[in-house]
Amino acid sequence: RDVERSRGLGDVYKRQGFDTVECYRHVEHIVAKRQDVLLLECMSNLLANEMYLEPDSNAGSDMAETMSPVSNKIVQALIDLSTRVQELVIVTNDVFSDGGSLTYDESTREYVKNLAEINCALAREAATVTEVVCGIPVIVKKNHPMGKYG
C-alpha cells in the first residue's frame, strides 16, 4: 500500500501525541480533516518514489507547460491537500549547490531539475518559506498575502 501506519519514526511521533501516516507516493490519496496540521517529510523522497517506482499514467499537466509531468502531479496534489487542512508544512532539500549537476548522469539531472521545479512552484504558492541553514531558520517569505498555504 502507498499509505500505511508508520512504524519507526511513527512511534517517536506517537509518544509526542502525533498521528503519523507514511505515504510513499500518491499524496493525493491522503485523507485529512480541516483542522489537521500536516508535516510532509521529505519532498526529495516523495519525488524519488514518484519518479523511480512504477510509472504513473495519471500525471496531469495543469501547471506551466515547462514543468515536468511528475513535478506537476506532486505540486497539484500538495496545493489541493493544502486547501483541505489547517496547515501544511513541507520539508525539502537543497541539492542544487554542490556543483555536481554538470557531471551527474541524465536520470540524476532530471531528478534535480524536478525537485527545483517543485520547490519553486510550492514556494510561490506558500504563505511562508523558511530555509534552515546550519540549524538556523532564515525566513525567506513570511505571511505573504498571495500564498495559499498557511
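This one's a predicted model, so the numbers in the text were calculated from it and none came from an experiment.

Chemist: Give me helix 3 (residues 69-83): which residues, what numbers.
Modeler: Spanning 15 residues, helix 3 covers 21 Å between terminal C-alpha atoms, matching the ideal 21 Å at 1.5 Å per step. Most of helix 3 sits out of view: 11 of its 15 residues are buried. Looking at the packing, one finds that the buried side of helix 3 touches strand 3 (37-41), helix 2 (43-52), strand 4 (87-91) and helix 4 (106-125).

Chemist: How would you sum up the environment of Val-37? Please name residues and give values.
Modeler: Examined against the element boundaries, Val-37 turns out to sit in strand 3. Given a relative accessible area of 52%, Val-37 falls into the exposed group. For the pair Val-37 and Leu-88, spaced 51 residues apart in sequence, the C-alpha to C-alpha distance is 5.9 Å. Sequence-distant contacts of Val-37, defined by excluding residues within four places in its chain, comprise Gln-86 and Glu-87.

Chemist: Go over a nonpolar patch on the surface with me, naming the residues and quoting the values.
Modeler: Where nonpolar side chains cluster on the molecular surface, the patch consists of Val-37, Leu-39, Val-89 and Val-91 and spans about 300 Å² of accessible area. Those elements that provide at least two residues to the nonpolar patch are strand 3 and strand 4. Within the element layout of this structure, Leu-39 appears in strand 3. Taking the relative accessible area as the measure of exposure, Leu-39 reaches 47% and is therefore partly exposed.

Chemist: Outline the side chain of Ser-44, supporting the account with residue identities and numerical values.
Modeler: Looking at the element boundaries, Ser-44 is found in helix 2. By relative accessible area, Ser-44 is classed as buried at 8%. At 2.5 Å, the side chain of Ser-44 forms a polar contact with the side chain of Asn-93. Apart from the residues lying within four places of it in its own chain, the contact partners of Ser-44 are Asn-93, Tyr-111 and Leu-115.

Chemist: Describe the environment of Glu-50, naming the residues involved and giving the relevant values.
Modeler: Tracing the backbone shows Glu-50 in helix 2. On the basis of relative accessible area, Glu-50 is assigned to the buried category, the value being 6%. Residues Glu-50 and Arg-25, spaced 25 residues apart in sequence, show a C-alpha to C-alpha distance of 5.9 Å. In terms of polar contacts, Glu-50 uses its side chain to reach the side chain of Lys-73, at 2.9 Å.

Chemist: A description of the nonpolar core should follow, citing residues and the corresponding values.
Modeler: Val-27, Met-43, Leu-47, Ile-74, Val-75, Leu-78 and Ile-118 are the most contacted members of the largest nonpolar core, which totals 25 residues. Those elements giving two or more residues to this core turn out to be helix 2, helix 3 and helix 4. When residues of this core are assigned to their parent elements, the largest contribution, 7 residues, is made by helix 3. If sequence neighbours within four positions are ignored, Val-27 has contacts with Leu-40, Leu-46, Ala-77 and Leu-78.

Basis of the calculations
Residues numbered from 1 in each chain as written. Predicted model: local features only at pLDDT ≥ 70, side-chain atom pairs only at ≥ 80, totals over all residues. Heavy atoms only, no water. Helix = DSSP H or I, 4+ residues; strand = E, 2+ residues; numbered from the N terminus. Expected span 1.5 Å × (residues − 1). Buried < 20%, exposed > 50% of the residue type's maximum accessible area, 1.4 Å probe, protein only. Contact = heavy atoms within 4.5 Å. Patch = residues over 30% accessible without salt bridge, like charges linked within 9 Å, V, L, I, M, F, W, Y side chains within 5 Å. Areas by Shrake-Rupley, 256 points an atom, 1.4 Å probe, with all protein chains shown as cover. Salt bridge = Lys/Arg side-chain N within 4 Å of Asp/Glu carboxyl O. Polar contact = N/O pair within 3.5 Å; in protein donor to acceptor, adjacent residues only side chain to side chain. Core = buried A, V, L, I, M, F, W, Y, C linked by side-chain atoms within 4.5 Å.

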